[in-house]
Amino acid sequence: MKVGIDLISFYTPQYYLDLKTLAGERGVDPDKFTIGIGQEKMAIPPPDEDIVTMAASAAHPILEQAGREGIELLLFATESGIDHSKAAAMFLHGLLKLPTRCRAVELKQACYSATAGLQLAASMVAAQPDRKALIVGSDIARYDLRSPGEPTQGAGAVAMLVTANPSVLALDPETGLYAEDVMDFWRPNYREEALVDGKYSMRVYLTALEECWKQYTERSGRQFHDLARYCYHLPFTRMAEKAHIRLAKIAALKELTSAELETEIGDSLRYNRITGNTYSASLYEGLTSLLDHGADDLVGQRIGLFSYGSGCMGEYFSGVVQPGYRDHLFTARLRALLDGRTELTYRQYEDIFQLGFPTDGGDHAFAQYRTGPYRLAGVSQHKRLYEKVI
Ligand code: CAA
């Protein structure tokens, strides 16, 4: 029996900062951002949007299409948690009106945890094929102003329905894992912005990739040429290019031409280039981008996926694209969202960045910005208040 992703939906906020604007403000050559790190725009959530509203907006079209029946597992992957105790999954469960007979929990391991969620969900469905799982990854990537990480900020959420006999991607059972306790990127509980040892984080990412690939190939017997396309965790698109060039070298003893690089990973990078890092969602944003943009029919093709979360945890796995997958994508909806976004000035970006969340326990109603179908209406007595917009 096949198990995997039946539906996948990506959401990103409706505001962005053009990195050329940021480069101008920071006195940096714009090519450093657009070519050197490979990013054009970064998504900025307005004050009435958070990880819960983004996750709900990502999941909304899935529930419209597939309904709620049979969803017995809700896993919320994030490293931008809003509460030390209550899982973001509980807020989401309420907003989406999911069945009460459901196991709902939040998962954390930097940008990796949505993959843990996907694999846990696949195990549950393999054991109980009539059950379904909803996995979301939702994050806001935030670094200090004027730090090297600043141009790699972004925001977004992915939602995936995991079922038996999936419509989009059937997962292969073999995976390669790599866990190591390192300090390449972290965010202590008292900080809003991540801390990062940037160059070191890139080296650890590549080490994790090599180690995961080794185990994946040992277990599956597959080689580089058995995979038609490759998706990577995307802190910025140049990282995926560096990773893929490295993988080709160690796995196939091959120097990739730029045409091969474009064919093998190009389509998976298009969304990330204009949203920025979406942390736990980013690998799956890449998968969505590949499926949405692929001019070729990918039916029957095997896709390789590398998930990486600093700290660090890596996993290499793969899946096969299913017949009719294009009929199950939400391409037009996402394109309309991306095409209709509002550009921010530098001043507006910094004003939103500096806006602190009220912590005085009072009643605060939040001004209404452009959001998806759900928004954060305010906070009262330390309780976040969400509402459906449409
Ligand atoms: N034109 C074209 N390219 C230029 C250029 C110009 N004018 N100026 C510089 N560049 C190139 C540089 O040569 C460099 O390319 P190479 O890496 O190929 O040499 C690239 O632009 C970046 O320049 P720097 O190395 O000088 O950049 P930096 O030190 O200011 O910052 C960074 C780069 C370390 C990635 C920083 O953005 C950062 O810390 N980001 C956050 C951490 C991160 O994303 N790490 C990735 C791995 S960890 C992970 O994946 C988890 C996660 O999501 C965070």
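Given the structure is predicted, the values throughout are model-derived calculations rather than measurements.

A.B. asks: With reference to specific residues and values, describe helix H6 (residues 198-220).
C.D. replies: What sets the pattern is the α-helix's 3.6 residues per turn: residues three or four places apart point alike. Between the first and last C-alpha of H6 there are 33 Å, a value that for 23 residues agrees with the 33 Å anticipated at 1.5 Å per step. By the burial criterion, the buried members of H6 are Ser201, Val204, Tyr205, Leu206, Ala208, Leu209, Cys212, Trp213, Tyr216, Thr217 and Ser220. Those residues of H6 that are buried lie in contact with strand S9 (176-179), strand S11 (195-196), strand S12 (229-232), helix H7 (237-252), strand S13 (302-309) and strand S14 (313-321). Directly after H6, the chain includes Gly221, whose backbone phi takes a positive value near 75°.

A.B. asks: Quick one: what's the story with the sheet that holds strand S17 (residues 374-380), residue by residue and with numbers?
C.D. replies: The strand order across the open sheet formed by three strands is S16-S17-S18, and the pairing between neighbours is antiparallel. Single-partner strands in this sheet number two, and they are strand S16 (363-365) and strand S18 (383-388). When the angles between neighbouring strand axes are averaged without regard to direction, this sheet yields 30°. Looking at chain direction, S16 and S17 are connected through three bridges and run antiparallel. Across the sheet, the residue bridging to His364 is Val379, located in S17. Lying on the sheet, helix H3 (residues 51-66) is in contact with S17 and S18; it crosses S17 at an angle near 155°.

A.B. asks: Give a detailed account of the environment of Leu247, specifying residues and quantitative values.
C.D. replies: Structurally, Leu247 can be placed in helix H7. Judged by its relative accessible area of 0%, Leu247 is buried. Separated by 20 residues in sequence, Leu247 and Asp267 place their C-alpha atoms 18 Å apart. Among residues more than four places away in sequence, those in contact with Leu247 are Leu209, Trp213, Phe224, Tyr230, Tyr232, Ala252 and Tyr316.

A.B. asks: I'd like a description of the site of the ligand, backed by residues and values.
C.D. replies: In the neighbourhood of the ligand, 24 residues make up the surrounding shell, with Lys32, Lys199, Ser201, His233 and Lys242 lying closest. Here His233 contributes a side-chain N or O atom positioned 2.8 Å from an oxygen atom of the ligand. Within the complex, the protein chains bury 74% of what would otherwise be the 1100 Å² of accessible surface of the ligand. At the level of secondary structure, the elements contributing two or more residues to the shell around the ligand comprise helix H2 (30-36), H6 and H7. Ranked by the residues each element gives to the shell around the ligand, the list is headed by H6, at five residues.

A.B. asks: Give a description of the side chain of Asp184 that names residues and reports values.
C.D. replies: Relative to the helices and strands, Asp184 is located in the loop between S9 and strand S10 (185-186). One buried charge, Asp184, has no salt-bridge partner; the nearest side chain with opposite charge is Arg203, at 10 Å. A polar atom in the side chain of Asp184 sits 2.6 Å from the side chain of Tyr308. Within the structure, Asp184 has its side chain in polar contact with the backbone nitrogen of Gly311 (distance 2.9 Å).

A.B. asks: Can you tell me about helix H10 (residues 331-339), naming the residues and giving the values?
C.D. replies: Taken together, the buried positions of H10 are Thr331, Leu334, Leu337 and Leu338. Buried residues of H10, viewed axially, fall in a sector of 130°; they line one side. Turned more than 90 degrees away from the buried face of H10, the exposed residues are Ala332, Ala336 and Asp339. Buried residues along H10 sit in contact with strand S1 (3-11), helix H8 (258-275) and helix H9 (282-293).

A.B. asks: Now, about unusual backbone geometry: what can you tell me, with residues and values included?
C.D. replies: Most of the time, phi is negative for any residue but glycine, and the peptide bond is trans. Going from Gly311 to Cys312, the amide bond is cis rather than trans, its omega being -5°. In the Ramachandran plot, Tyr279 falls in the positive-phi region, its phi being about 45° despite a non-glycine side chain. The residue Tyr279 is located in the loop between H8 and H9 in this model. Even without glycine at this site, Gln381 takes up a positive phi of about 50°. Note that Gln381 resides in the loop between S17 and S18.

A.B. asks: Report on the nonpolar core, specifying residues and quantitative values.
C.D. replies: Of all hydrophobic cores here, the largest spans 44 residues; its most connected members are Tyr232, Phe306, Tyr316 and Tyr349. Secondary structure elements with two or more residues in this core: strand S2 (15-18), helix H1 (19-26), H6, S12, H7, H8, S13 and helix H11 (346-354). The greatest single-element share of this core, amounting to eight residues, is contributed by H6. Ile135, Val168, Cys231 and Leu290 belong to the second-largest nonpolar core, a separate cluster that totals 41 residues.

Reading the values: rules and limits
Residues numbered from 1 in each chain as written. Predicted model: local features only at pLDDT ≥ 70, side-chain atom pairs only at ≥ 80, totals over all residues. Heavy atoms only, no water. Helix = DSSP H or I, 4+ residues; strand = E, 2+ residues; numbered from the N terminus. Expected span 1.5 Å × (residues − 1). Buried < 20%, exposed > 50% of the residue type's maximum accessible area, 1.4 Å probe, protein only. Contact = heavy atoms within 4.5 Å. Pairing = 2+ DSSP bridges. Axes fitted to C-alpha atoms, helices over the stretch in contact; angles between N-to-C directions. Near = heavy atom within 4 Å. Polar contact = N/O pair within 3.5 Å; in protein donor to acceptor, adjacent residues only side chain to side chain. Areas by Shrake-Rupley, 256 points an atom, 1.4 Å probe, with all protein chains shown as cover. Lys, Arg positive; Asp, Glu negative; His and termini not counted. Salt bridge = Lys/Arg side-chain N within 4 Å of Asp/Glu carboxyl O. Arc of directions from axis to C-beta. Core = buried A, V, L, I, M, F, W, Y, C linked by side-chain atoms within 4.5 Å.

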